[in-house]
Amino acid sequence: MPSAVATKASDKITACKKLTTILQKEYGKSVPKLKLPVLETMLFAVCVEDNPWDLAEAGYEKLIKSYFDLNEIRVSSVSELERTLSPLRNADWKGLRIRSILRFVFESTYSYDFEKLARLTLESAQKRLKKIDYLSPFVSNFTLQQAMGSYVICLDDSSHRATIHLGIVPPDSTIDEAAEFLRAGVKKSEAFGFSHLLRCLATDPKLVDRFTDEYDEEGSFDVLKVAERLATVKAPKKKKKKVTPAPKAAAPPKAAAKKAAAAPAKKQSTTTPPKVDSKKSAAKKAASKRPAAPAKKQVASKSAARNPVKKSATAKPKSAKKKK
């Protein structure tokens, strides 16, 4: 895998031309034109960041028409600006940046005229823009490109993620480093068109969810493989085969389930002896300890039971009969 330092300038030119040709077939060769003052150009740059061009135009027009002038936008809250720019992605950050730009310009010039920026050198203009809070690299480069004709590649977060995924910039590069890396492969006259095509690709509703800042394969940083990687991105996703789960055992009907729950559990046979009532066992032990009755009495009692003698109440003793 070639490193970023070892990548030849000729390979960068070849890769950028190949990518431009493919994207022109998809999104057209026409490049939009923008003719706005410097300050309004910065506001439009905020709107077009991470968004398609036509959607950004609609959002910018809505912003200008929803407020009386730029001063009213400056004193508005971020939540109000967010609601105005709601159709755009990252509308909350856009509202914060727009208000920050207007405040900086008004506090430094006491007006909303920022045309002096176009008369500065590139280095001075860059230092000037860095003083604005929350200003992104894309807004800064877009302003320098449109207002001063600077030779820069404008990358926002979406475009930067797409270039990393396509393997035409180093995977660990920042936005500024990636823009500088690509600048060697694009002519100055084609820089704006190349940036525009990259943003069209990165914000395409059909592909926006497919771009990640990670590679699909190890060692895929090769600028000459950009066509193959782009084809992979555009290829339809394979449908995952549905795995049918094994059929579950049929649950018993409710009535049978209730009966099974109400039925007593079966007694399990155990080796332990059955429990004996302690009171009954004590009575049996006491009976066994008593002395046995004599055998004669038992015989007499048995004979008496067999031949009972009836006694009458008027019977007289035998001795009385003899005396008479």
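Please refer to the structure higher up on the page.
Every residue gets a number counted from 1 within its own chain, in the order that chain's sequence is written. With the structure being a predicted model, the display of local features is reserved for residues of pLDDT at least 70 and the display and counting of side-chain atom pairs for 80 or more, all residues being used for whole-chain, interface and lining totals. Side-chain metrics in this entry use all non-hydrogen atoms of the structure; hydrogen atoms and water are not considered.

### Some remarks on the environment of Ser-66
What counts here: Labels follow the DSSP assignment, with helices taken as runs of H or I lasting at least four residues and strands as runs of E lasting at least two, numbered in each case from the N terminus. Burial classes follow relative accessibility: with a 1.4 Å probe on protein chains only, a residue under 20% of its type's maximum area counts as buried, one over 50% as exposed, and anything between as partly exposed.
Mapped onto the elements of the fold, Ser-66 is located in helix H3 (residues 53–66). A relative accessible area of 42% means that Ser-66 is categorised as partly exposed. Separated by 15 residues in the primary sequence, Ser-66 and Leu-81 place their C-alpha atoms 9.7 Å from one another.

### Considerations on the pattern of salt bridges
Opposite charge on two side chains permits them to pair, given that their charged atoms come into close proximity. We count it as follows: Every case where a carboxyl oxygen of Asp or Glu lies within 4 Å of a side-chain nitrogen of Lys or Arg is listed as a salt bridge.
Tallying each qualifying case throughout the model produces four salt bridges. Here Glu-123 makes a salt bridge to Lys-127, at a shortest N to O gap of 3.7 Å. Of the two residues, Glu-123 and Lys-127 both sit in helix H7 (residues 122–130), four residues apart, roughly one turn of that helix. Judged by relative accessible area, which is 53%, Glu-123 ranks as exposed. The class of Lys-127 is exposed, set by a relative accessible area of 52%.

### Observations concerning the nonpolar core
Operational definition: As used in this record, nonpolar core signifies buried Ala, Val, Leu, Ile, Met, Phe, Trp, Tyr and Cys residues forming a set joined through side-chain atoms within 4.5 Å. Every residue pair with non-hydrogen atoms within 4.5 Å of one another is taken to be in contact.
Counting residues in each nonpolar core, the largest one holds 38 residues, and the members touching the most others are Ile-73, Ile-98, Ile-101, Phe-114, Leu-129 and Phe-142. When contributions to this core are tallied by element, the ones reaching two or more residues are helix H2 (38–48), H3, helix H4 (70–74), helix H6 (91–109), H7 and helix H8 (137–148). With nine residues, the top contributor of residues to this core is H2. Other than its neighbours up to four places away in sequence, Phe-142 contacts Leu-34, Thr-41, Phe-44, Ala-45, Val-48, Trp-53, Cys-154 and Phe-192. Of all hydrophobic cores here, the second largest spans 30 residues; its members include Leu-23, Phe-181, Leu-197 and Ala-202.

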